[in-house]
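Structural overview
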There are 2 protein chains.
Amino acid sequence: MSSNRAEFAFRVTARDQSTAARCGVLTTRSGDVQTPLFMPVATLASVKAVRPEEVRRLGFEMVLANAYHLWLRPGVEVVEGAGGLHRFMGWDGPVLTDSGGYQVMSLGGDVKITREGASFRSHHDGERVFLSPELSMEIQERLGADIVMTLDECLEYPVGRERVGESLELCHDWAARCRDAHRRADQALFGIVQGGMYGDLREESARAISRIGFDGYGLGGFSVGEPREFTLELVELTLSFLPGGAPRYLMGVGDPVGVAESVALGVDMFDSAFPTRIARNGTAIITGGRINLRNSRFSNDYASLDDSCECYACSGFTRAYVRHLVMSREILGFHLLTIHNLHQLSRLMAELREAIAAGCLGDLLGRLRANRCE
Amino acid sequence: MSSNRAEFAFRVTARDQSTAARCGVLTTRSGDVQTPLFMPVATLASVKAVRPEEVRRLGFEMVLANAYHLWLRPGVEVVEGAGGLHRFMGWDGPVLTDSGGYQVMSLGGDVKITREGASFRSHHDGERVFLSPELSMEIQERLGADIVMTLDECLEYPVGRERVGESLELCHDWAARCRDAHRRADQALFGIVQGGMYGDLREESARAISRIGFDGYGLGGFSVGEPREFTLELVELTLSFLPGGAPRYLMGVGDPVGVAESVALGVDMFDSAFPTRIARNGTAIITGGRINLRNSRFSNDYASLDDSCECYACSGFTRAYVRHLVMSREILGFHLLTIHNLHQLSRLMAELREAIAAGCLGDLLGRLRANRCE
């Protein structure tokens, strides 16, 4: 089912033979992007430690920014005054903004959720602020992303069934209000399925959100600490209740094996701070796992981060040097690790798309599982 | 007077008509560089927040690293194991290492200076370490820079005449010992003139250091808080007692007008953390002065950092965006400001070289002084 929004469309272009994976093209007003795709996270309108042109050069076509963060700082009017998010951050490709439901939970202080919306204290200055579905739509429309997300309530993990059930009612109500409040015809609006770790509630939510009808569907509330098997099982179940022709976006998952397994289930889009965040912690994604450069065994290791990698960091710098930079908190160290980790994700997405197009995703998945050493 | 070291030479190629400024070519084993030159500071083997290839692209031909810092972290053996400083840091152009006299003063704890050397506590772990002229030479030879500096004692400002006089004796003794201890024929060795703010002591030091004989001459102990007029007056005086054919290096001066005024006096080389350090403080060098982006008046200022600048930061990003990044402590903000400030220095050096070659440095100096608004 393609979109009812002007300028937004999703077209499946290839399907894998032995899995539910598919390739597609997402058309937005800022251009087309290939799926499955991974969106680097530009929370505050910058992919941390990387120039926008480098994000593009690394092969990414779309980034995610966070409406909650940008609303609080620098403020919607500053971004709007620049001519919108794309011009503000120097990124002319598509942008998706997350609404901030997750950030209200993880960053807001003294959070009070009512039917009306979420009241909480700003993590910057402690000032009490109020976010409603309608305000979230207004903020995101003014920021000007190509795809915007409904406001939802995110729950911690683990959480009891009853609490999840109550929350779902609220989420579905908010989703419908977002749908009603959304005005910009050139922006796509995605709904978000919740339901915690309960299969029947996931089903209920997927049905309810689909019934409201959105341009695409986010799978929220995952990657909150649950075992990976739960995630995959519930993702598979949820997808079976979502319209097959719309893009499906698994929010917050960004580890290579998790992404690959989810692509096999039919997920089209991902975002995660994982590759960039672990970079700033001194960690490099390598074939089959990760290494933390803070470990002293790398002090005089003159190999590249990953000998099968062709990124900028791996083509001129050693583990010993990157370790030295990380230990000295030199910005270049975080830059090199970010470039490397993003390259790993970008290469993975390209391999996944190629494997699906060739109908042999199973082989690639087998190799990834076999290589996994952690 | 050209060098007595293999592979090192300095040749004056042009002189200004109305000032003592000159252009030259410094030949090192890692290639030729044009003077007057400014060396960005790569204290820990990285110009902070910038890739080495970008340093080159910005027009810089030589960088400075700090032997004191690299000795303590990651350790000489790690750099040596990588094949030397150039390969360690991915910079194939010339490198100069400072010996660390200044860092002993500014960073060392519980410093005890004797004839033998400097004993102090490491600023990393408080461990007591000992640095002698001979050890400084060994460290710098093993690090493998193209130009190395003698070990000297740096004094705070202001300091009494008697104390400076005593220190000079030590400095000259250490300089002679460095000369004797230095072995690598492919590395140039520069002596350092001290003498505080006392003209007669500067003269004495210049004569003593020249008598020992070095490949080039550093002017140390400036930019320690003294009025700029003192610096210029003493630099001029000092230069008159140094061999005219050798390169002269004013250590630690990097503000645009200070650099230009010193070039007019006949200085060939500069280094300073100034442009990169103020970048990390949110400050941009602009025509005639500087601006600090933390100032709220830039929140919705959609102009570029400097409208006459053609750097990467100025060609795609606004003051409002850079301010947002700085306020959010986003690495990209420090990167953009560093790129911009280094570009300003690089452009200045190119303009100075052109003006000297055209014999009209006076005009450029006049414009710089007239534009100065702080």
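Residues numbered from 1 in each chain as written. Chains lettered and ligands numbered in written order. Predicted model: local features only at pLDDT ≥ 70, side-chain atom pairs only at ≥ 80, totals over all residues.

1. Remarks on helix H7 (residues 161-181) of chain A
Residues and elements named next belong to chain A. Test applied: In DSSP terms, a helix is any run of H or I states spanning at least four residues, a strand is any run of E spanning at least two, and both are numbered starting from the N terminus. Here, expected helix span is obtained from the residue count minus one, scaled by 1.5 Å. Field definition: a residue is buried when 20 or more other C-beta atoms are found within 10 Å of its C-beta, exposed when 12 or fewer are, and partly exposed for counts in between, with C-beta atoms placed from the backbone. Working definition of a contact: two residues with C-beta atoms, positioned from the backbone, lying within 7 Å.
Taking 1.5 Å per residue as the helical rise, H7 with its 21 residues ought to reach 30 Å, and the 30 Å between its terminal C-alpha atoms agrees with that figure. The set of residues buried in H7 consists of Val164, Ser167, Leu168, Cys171, His172, Trp174, Ala175, Arg177 and Cys178. Where H7 is buried, its residues touch helix H6 (133-143), strand S11 (188-193) and helix H8 (199-212).

2. Things to note about the pairing of strand S3 (residues 31-35) of chain A
Residue and element names in this part refer to chain A. Heads up, the rule is: Any two strands between which DSSP finds at least two bridges are classified as paired.
Two elements, strand S2 (residues 22-28) and S3, share 5 bridges in a ladder whose sense is antiparallel. Residue pairing across strands places threonine 28 opposite glycine 31, the latter belonging to S3. Counted between consecutive antiparallel strands, the loop separating S2 from S3 contains 2 residues.

3. Things to note about the sheet that holds strand S5 (residues 63-66) of chain A
Residues and elements named next belong to chain A. Under the convention used in this document: Angles here are taken between N-to-C directions and fall from 0 to 180 degrees, while the axes themselves are lines fitted to C-alpha atoms, restricted in helices to the stretch in contact.
Read from one edge of the open sheet, 8 strands run S4-S14-S13-S12-S11-S10-S6-S5, paired in parallel fashion. Two strands close off the open sheet at either side, each with one partner strand: strand S4 (37-40) and S5. Within the sheet, the average angular offset between the axes of one strand and its neighbour, ignoring direction, is 25°. Bridge count for strand S12 (residues 216-219) against strand S13 (residues 248-251) is 3 bridges, and the pairing is parallel. Paired with tyrosine 217 across the strands is arginine 248, a residue of S13.

4. Side note on the interface of chain A and chain B
Selection rule: Residues are grouped as follows: nonpolar covers Ala, Val, Leu, Ile, Met, Phe, Trp, Tyr, Cys and Pro; charged covers Asp, Glu, Lys and Arg; every other residue, Gly included, is treated as polar.
Across the contact, 29 residues belong to chain A and 29 residues belong to chain B. Looking at the side of chain A that touches chain B, the elements that each hand over two or more residues are helix H3 (76-81), helix H4 (85-89), helix H12 (319-327) and helix H13 (331-357) of chain A. The class makeup of the residues in the side of chain A that touches chain B is 16 nonpolar, 9 polar and 4 charged.

5. Comments concerning the relation of the copies chain A and chain B
These two copies of the chain differ by a rotation about an axis and a displacement along the same axis. This is how it is decided: Only residues with pLDDT of at least 70 in both copies contribute their C-alpha atoms to the least-squares superposition of the copies.
Each copy of the sequence occupies a distinct position, and chain A is placed on chain B by a rotation of 180° and an axial shift of 0.0 Å, giving an RMSD of 0.0 Å. The transformation relating the two chain copies, once decomposed into turn and shift, fits a two-fold axis. Within chain A, isoleucine 331 of chain A has its C-alpha nearest the rotation axis, a separation of 3.7 Å.

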